[in-house]
Amino acid sequence: VINGVKTGGKVEEETNGASESADNANDANLPAAPPSTTLATPTPVINASLSPLLLPTALPSTSPFPHHNVGPTSDRLRNAMSRIAANPARDAEAWQALITEAQSCYRQLLPNLYKLKNMGMKMEGSGNDSELELLGRKLDWIEACYGALLHH
């Protein structure tokens, strides 16, 4: 047995430096798992800069939302982001504040997303290029907040 993996009729486990053996004769009578239920090898992690489909892993430095630049919301957001930057693995309250703000911002974008989806706003030459670019930057900011949370 290597690292708790069964190599025969016995399984060994290491606990606090001591070794224990248990006879697993009953396991020998179990049918083998069919090949379709075995786990596939994990897919290697690819650098986010190589694939646009991966979530960003760093906190966004600036926000495209105007209310993040002035007022009490900006103070709360800056405070949460600085606390997360200082200790991302320990400050759940700061993460909660950031994700709550990201959810609130997404809800603000829903009417524009609905209009884009159902009214068929064109991507080129419709005069909405700057609006679509801003909408894209806002969605990227929200995605980066979630990506940073999932990364830590």
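Here's a quick rundown of the structure. (Residues numbered from 1 in each chain as written. Predicted model: local features only at pLDDT ≥ 70, side-chain atom pairs only at ≥ 80, totals over all residues. Heavy atoms only, no water.)

Notes on the overall build of the protein chain
Counting its regular elements, the protein chain contains four helices and two strands. Across the protein chain, every contact between residues at least 6 apart in sequence was considered, and the portion connecting residues at least 24 apart equals 52%. (Helix = DSSP H or I, 4+ residues; strand = E, 2+ residues; numbered from the N terminus. Contact = heavy atoms within 4.5 Å.)

So, the nonpolar core
Within the largest apolar cluster, 17 residues are counted, with the highest numbers of intra-cluster contacts made by F65, L98, L109, W141 and I142. Here this core gets seven residues from one element, more than from any other, and that element is helix α3 (residues 92-118). If near-sequence neighbours (up to four positions away) are discounted, W141 is found in contact with P60, T62, S63, P64, F65, H68, L77, L98, E101, A102 and C105. (Core = buried A, V, L, I, M, F, W, Y, C linked by side-chain atoms within 4.5 Å. Buried < 20%, exposed > 50% of the residue type's maximum accessible area, 1.4 Å probe, protein only.)

Focus on the pattern of salt bridges
As enumerated under the stated definition, the model contains three salt bridges in all. With a shortest N-O distance of 2.7 Å, R83 and D91 are connected by a salt bridge. Owing to a relative accessible area of 27%, R83 belongs among the partly exposed residues under this scheme. A salt bridge links E93 to R83; its shortest N-O distance comes to 4.0 Å. (Salt bridge = Lys/Arg side-chain N within 4 Å of Asp/Glu carboxyl O.)

Re α3
Because each turn of an α-helix spans 3.6 residues, side chains separated by three or four positions end up pointing in the same direction. With 27 residues, α3 should reach 39 Å at 1.5 Å per residue; the first-to-last C-alpha distance of 38 Å fits that figure. Approximately 40° is the largest bend angle found in α3, and it occurs at L110, with the proline P111 only one to four residues beyond. The secondary structure elements touched by the buried residues of α3 are α2 (72-86) and α4 (129-151). (Expected span 1.5 Å × (residues − 1). Bend = angle between axes of the 7 residues up to and from the residue.)

Thoughts on α4
The end-to-end C-alpha distance of α4 is 32 Å, a good match for the 33 Å that 23 residues give at a rise of 1.5 Å each. L132, L135, K138, W141, I142, A144, C145, G147 and A148 are the residues of α4 that are buried. Elements that come into contact with the buried residues of α4 comprise α2 and α3.

Observations concerning the environment of N79
Looking at where N79 falls in the secondary structure, it is placed in helix α2. Overall, the relative accessible area of 39% leaves N79 in the partly exposed class.

Concerning the side chain of S74
Following the sequence through the fold, S74 ends up in helix α2. Separated by 2.6 Å, the side chain of S74 and the backbone oxygen of G71 make a polar contact. Excluding residues within four positions of it along the chain, S74 makes contact with H67, H68 and N69. (Polar contact = N/O pair within 3.5 Å; in protein donor to acceptor, adjacent residues only side chain to side chain.)

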